[in-house]
Structures are given as C-alpha cells and as structure tokens.
Amino acid sequence: LMISLVRFALFTSCSSASKKCIAVKRDIFTALTWPSLSKGTLSVPFSSKTTSCQMSSDPIETGFLNAKDAYDLDQHLFQNGYNLEQLMELAGLSVAEAVYEVLSDDDTSSTIAVEDKKPKRILIIAGPGNNGGDGLVAARHLKHFEPNSHIMVVYPKKSSREPHYAKLVKQCTDMGIIVSDGPMDGEWDLCIDSIFGFSFKGEPRAPFAQIIQNMMDMQKQGTTIVSVDIPSGWDVNQGDILKTGFKPDVLVSLTAPKLCAKKFPGKHFVGGRFLPPELASKYNIKMPPYPGVSQVMQINPNFQTEENIDDDWGSQYAAYCTEQEAQGKDDKRENDDEGNSKDWAAQYHEHCIAKEEQMLRAQMELARSEDIENDKEASD
C-alpha cells in the first residue's frame, strides 16, 4: 500500500513530466520495486535522459559513412556544382527543422497561436569550422520558425578562414540574435552542439573541452542537447573513445549518419535532402523517404523518451480506470484470491507492477540484442 501511495503521489505531483521529476521517479521506483537491481544481483542499465525501450524496432535504413567517405563525398559535391554556402544553408535548415520538431514534441500547447506561446530559450554553441557555420544558419532559421524565442549563439573562436562565416554572423545579428564569445549563463530549453564535425580528430582543447562539460551539466538540469552531425568530441568512426560521457539527447546527421551514430541511443534525424541518387549509391547510403517538403526525417520513429513512456503509462492507467468505471464498477472493483475486495491502491499497485515488468523485459531484450550485435562485430 505504501508503495502504491508513493507511486500515486509521484504521478500526480509530476504530471508535467519534467526531466528532474522523471529521474526522481525512476530512482524511487528502482529502490521500491526492484530492490534486486539496486543490490547488484541484476544489472539493467538506465539512462537519466533516455531509454532504448522500443516496443517495435523498425528503424529506417540509411547506411553509414566513415570519416574518409564523408570527406570524399563532400569533395565530390564541391567538384560537381555545389558550393560551401549552398551546402551549409541546406544543412542549417535541416538542423533548424529537426530542432523545431523536437521543441514541438515537448510543447503541450501546440494548439495555441505562435504569438501566444511561451518563448523558447535556445542556445547554439558554434565551433570554428563548417559545423559552426551550420549552427549559425540554424539559428537564423529558428528565429523565423519561433519569432518570440530567445536565441543566443556562443561563438568563442570565430574563424577568418571562410569569409562566409562573417556573413552568417551578420545575418544572425540582423535577426536580433545575440552572438557572443560567451559565457553560457542562463537557463535554456535546448542547446545545439555545433562545435566539431566529421573532420575533428584528437582531444577537444580549450575553450571547447570545458564547454562540452558545461553542456553535460546543462543536460542534467533538463536542457535538451542536440548535436549536429557528430556529438562533439566523438571519434567519427568509433564514437566516444575518449570516454567523455557526452551523449546528446538528439542527433541530426547530415547527408547520412556517420559510423559513430550506429548505436546512438537518442532521437536520431537525418537531414540534407539534396544528394543525387548515383552519388548515394556510390557510397552505399540511402536517402530516407522524406515526407512532403520536409528537409529532415527521424530515422528511429519508435524511439521513446522516458517522459513519453511515463506519460503513456499514466494515460494507460487512466484509460483502464475509465473502462472500469464505464462497466459500473466502483473503487472496490475486483476481488483478491480470498474473495476480499481490492481497493484502488491495491489495483493501482498491480497495474504498476505489470508495467514495470514490461519495461524490465524490454530492457533485458535490448541488452540481449546488443550482446548479439557485439558478438557479430567481434567475429567480423
């Protein structure tokens, strides 16, 4: 009964499904209902931000690019009618569209007129290269998408390598977007990591090493982190080999996912709807079936955040109660094995246990499939 009351209090007090509250719910549920997990007799990994609990896994196949092929593909485009400005504009537009979709998914007031919505607070961290340029373009488009939003670009190492970068900064400031060297003070709904792209090698140096840590700290406080093409600091082919622990909530792969994204656990988009079919075939990649005029598409459509799963959990129980009430049953609707009436707390407790077991089975199935995949890669 006490467990059920704690669950009930958690659900009623956390109806907004904030990220801090989700973490508290997860920890309390683990301690109360899965004591064997906390004692170490069974290890089931949980992320504080996301879960890979996908009830039916049917991701869209796109193929993956290694670092060399990603570079060669870009050079092929430059030699066949495309230029840097054009590709950067297409990339930045894709990022902005993906971010807008993420913000819309988080917005419970989607029926409210744009001018009446609560302004979004969006931070963009721009690096010195082309990835930073993509972030600057995305900032401008997002200001058009979300006119009332508060957008700031932190651009600590402006590069003079390409004159176009200075033009992008001017375009941002003309839109009322703040572009500064830092710091990253304030509270943000979402942060775009556009620091390093697929040409990055080695270890992040100042000031970006600290900035990556700052993003991780922001993430713990509830800020959604969106990385452009490559999570900054990751090796393009092998992922987080430096063990930084940086795992963005969302990844927007440009043109095609890179090898490091093969096991990315978060929400994954592909953007850049321009690649000629013959060129895609040459590099063994495939454009996703972009819907309508969209420039971006989520390629793991069954991905669920903890918030979505918890919301679904609560809505399922609400539907269950509604169904029971429609059948004319009161709070003491069912009987136990001895014929005694079960009150709402006992029934709610059983409902929660069933849902927890479902989540546990899904986590174990995920771990089993990852072991199979790792064994397959080892044998290859």
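In what follows, the structure referred to is the one given above.
Residues numbered from 1 in each chain as written. Predicted model: local features only at pLDDT ≥ 70, side-chain atom pairs only at ≥ 80, totals over all residues. Heavy atoms only, no water.

Chemist: Talk me through unusual backbone geometry; I want residue IDs and the actual numbers.
Modeler: Residues Gly182 and Pro183 are joined by a peptide bond in cis, for which omega reads 0°. Within the secondary structure, Pro183 sits in the loop between β4 (178–180) and β5 (190–194). Residue Pro207 is bonded to the preceding Ala206 through a cis peptide linkage, with omega at 0°. Checked against the element boundaries, Pro207 lands in the loop between β5 and α8 (208–220). (Helix = DSSP H or I, 4+ residues; strand = E, 2+ residues; numbered from the N terminus.)

Chemist: Tell me what's going on with the nonpolar core, and back it up with residues and numbers.
Modeler: Formed by 35 residues in total, the largest nonpolar core has its most connected members in Val95, Val99, Val153, Tyr155, Leu190 and Ile192. Top element by residues in this core is helix α5 (residues 84–106). It accounts for nine residues. Non-local contacts of Val95, meaning those with residues more than four positions away in its chain, are made with Ala138, Ile192, Val228, Val252 and Leu254. Counting 21 residues, the second-largest nonpolar core is a separate cluster that includes Leu73, Leu77, Phe198 and Phe264. (Core = buried A, V, L, I, M, F, W, Y, C linked by side-chain atoms within 4.5 Å. Buried < 20%, exposed > 50% of the residue type's maximum accessible area, 1.4 Å probe, protein only. Contact = heavy atoms within 4.5 Å.)

Chemist: If you had to explain the packing of aromatic side chains to someone new, which residues and values would you point to?
Modeler: Under the counting rule described, the total for this entry stands at four aromatic pairs. Between Tyr82 and Phe274, the aromatic rings sit 5.9 Å apart at their centres with planes inclined by 50°, giving tilted as the arrangement. Residue Tyr82 is located in the loop between α4 (67–78) and α5, and its partner Phe274 is located in the loop between β8 (267–271) and α9 (277–282); the two are separated by 192 residues in the primary sequence. Seen from their ring centres, Tyr100 and Phe145 are 5.7 Å apart, and the 65° between their planes marks the pair as edge-to-face. (Phe/Tyr/Trp six-rings, centres within 6.5 Å; stacked < 30°, edge-to-face > 60°.)

Chemist: Which residues make up the pairing of strand β6 (residues 224–228), and what values do they have?
Modeler: Consecutive residues of a regular strand have side chains that alternate between opposite faces of the sheet. Most of β6 is tucked away: five of the five residues are buried. Of the two faces of β6, the one holding Thr224, Val226 and Val228 and the one holding Ile225 and Ser227 are both buried throughout. In the sheet, β5 pairs with β6 via four bridges, with the strands oriented parallel. In the strand pairing of β6, Asp193 is matched with Ser227. Handedness of the β-α-β unit built from β5, α8 and β6 comes out right-handed. (Pairing = 2+ DSSP bridges. Right-handed = clockwise from strand over helix to strand, strands pointing away.)

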